[in-house]
Amino acid sequence: MQRRGQTAVLAVIAVVAVAGCSGIAPSPTPDAEPTTEPVVTAEGPSWNVTVTRVIDGDTVEIRYANGTAETVRLLGVDTPETPPNTVSPGEFEGIPDTEAGRDHLMSWGTNATEFAERNLANKQVRLVVDPESDRRGGYGRLLGYIYVDGENFNSLLLSGGYARLYESEFRLRDSFATTEATAQRGRVGLWNFE
């Protein structure tokens, strides 16, 4: 009988131990850290994640390997808004605040969303946070860079004329400013307004 009791206790301990190692994470809070250990890169801590949904050109939903979900706002870039939001031509240098200017930006907001969907949707990417930037934006979204196939997607939005530089502090700001200036001079993407 005592052996049976010991066996039952060992079985309970084994079940608890297995449950603790299962990788099941508690429900995240807005400031929760992912439960997987980050890898430190030249820019900051990073994780392999899956993009589960593209919200728009500069905002995606991701899932960590442990199943925790997060909304990520791409750091340092701003794509034009798409309906039902209103665009702000004043934020995009050289685009007039006219009906034609607003239509142009809404069109490029749609183009940016489609570009993000083609390149990110349902793909495994590398999420990197920048220690020189705020960790979260005004809406509680995690701010970060996304690397797809080794390329910084945030920077690709700028070089392709899908986005403008977002004025904030972050490590790659000077590089992003140069990329934006090159796209503006070349009248690439949204900068090609007549």
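Further up the page is the structure itself.
What you are looking at is a predicted structure, and each value in this text was computed from that prediction instead of being measured.

(A) The overall build of the protein chain, seen in detail. Across its full length, the protein chain holds 4 helices and 9 strands. Start at the N end of the protein chain and walk to the C end: the helices and strands fall as α-β-β-β-β-β-α-β-β-β-α-β-α. Here the protein chain holds 194 residues, and 40% of them are scored as buried. In the protein chain, 61% of the contacts between residues at least 6 apart in sequence involve partners at least 24 apart. As presented, the protein chain carries roughly 10800 Å² of accessible surface, and 52% of it is formed by carbon and sulfur atoms.

(B) Region of interest: the pairing of strand β2 (residues 45–56). Direction of pairing for β2 relative to strand β6 (residues 124–128): antiparallel, over a ladder of 5 bridges. Note on β6: the bridge partner recorded for Val49 is Val125. Pairing of β2 with strand β3 (residues 59–64), which is carried by 6 bridges, proceeds in the antiparallel orientation. For Asp56, the partnering residue across the bridge sits in β3 and is Thr59.

(C) Structural context of helix α4 (residues 173–185). Over its 13 residues, α4 extends 18 Å from the first C-alpha to the last, a length consistent with the 18 Å expected when each residue adds 1.5 Å. Two residues or fewer after α4 comes Arg187, characterised by a positive phi angle close to 50 degrees.

(D) Structural detail: the layout of surface pockets. In this structure, the largest pocket occupies an estimated 480 Å³ of space. Around the largest pocket, the lining is made up of 22 residues, and of these Arg73, Gly138, Arg141, Leu143 and Tyr166 lie nearest the centre. Here the lining of the largest pocket is built from residues that sort into 5 nonpolar, 6 polar and 11 charged.

(E) Quick look at the pattern of salt bridges. Taken as a whole and assessed by the stated rule, the structure comprises 10 salt bridges. The salt bridge partner of Arg136 is Glu70, with a shortest N-O separation of 2.9 Å. You can see Arg136 sitting in the loop between β6 and β7 (142–148) and its partner Glu70 sitting in strand β4 (residues 69–74), a full 66 residues away along the chain. One exposure class covers both Arg136 and Glu70, and it is buried. In this structure, Glu167 engages Arg173 in a salt bridge whose closest nitrogen and oxygen atoms are separated by 2.4 Å.

(F) Focus on the environment of Thr68. Structurally, Thr68 is set in the loop between β3 and β4. You can call Thr68 buried: its relative accessible area is 11%. In sequence terms Thr68 and Val49 are 19 residues apart; their C-alpha atoms lie 9.8 Å from each other.

(G) Highlighting the packing of aromatic side chains. Under the definition given, this model contains 7 aromatic pairs. Geometrically, the ring pair formed by Trp47 and Tyr64 is edge-to-face, given 6.0 Å between the ring centres and 80 degrees between the ring planes. With Trp47 in strand β2 and Tyr64 in strand β3, this pair connects stretches of sequence that are 17 residues apart. Residue class for Trp47 comes out buried when judged on its relative accessible area of 4%. By relative accessible area, which is 2% here, Tyr64 ends up buried. Members of the aromatic cluster, joined through ring pairs, are Trp108, Phe115, Phe153 and Tyr162. In this arrangement the basic side chain of Arg73 is found over the ring face of Tyr166, its NZ or CZ atom lying 5.4 Å from the centre.

(H) View of the pairing of β4. Direction of pairing for β3 relative to β4: antiparallel, over a ladder of 5 bridges. Residue pairing for β4: Val60 is matched across the bridge by Val72. Where β3 folds back on β4, the antiparallel hairpin that results is connected by 4 residues, among which Gly67 adopts a positive phi of roughly 95 degrees. Note that β4 and β7 share 3 bridges and pair parallel. When the bridges of β7 are listed, Leu74 appears paired with Gly144.

The rules behind each value
- Residues numbered from 1 in each chain as written.
- Predicted model: local features only at pLDDT ≥ 70, side-chain atom pairs only at ≥ 80, totals over all residues.
- Heavy atoms only, no water.
- Helix = DSSP H or I, 4+ residues; strand = E, 2+ residues; numbered from the N terminus.
- Buried < 20%, exposed > 50% of the residue type's maximum accessible area, 1.4 Å probe, protein only.
- Contact = heavy atoms within 4.5 Å.
- Areas by Shrake-Rupley, 256 points an atom, 1.4 Å probe, with all protein chains shown as cover.
- Pairing = 2+ DSSP bridges.
- Expected span 1.5 Å × (residues − 1).
- 1 Å grid on protein atoms, 1.4 Å probe; cavity = no way out; pocket = protein on both sides within 12 Å on 5 of 7 lines; lining within 4 Å.
- Points joined across faces, edges and corners; volume = space filled by probe spheres on them.
- Nonpolar A, V, L, I, M, F, W, Y, C, P; charged D, E, K, R; others polar.
- Salt bridge = Lys/Arg side-chain N within 4 Å of Asp/Glu carboxyl O.
- Phe/Tyr/Trp six-rings, centres within 6.5 Å; stacked < 30°, edge-to-face > 60°.
- Lys NZ or Arg CZ within 6 Å of the ring centre and 35° of its normal.

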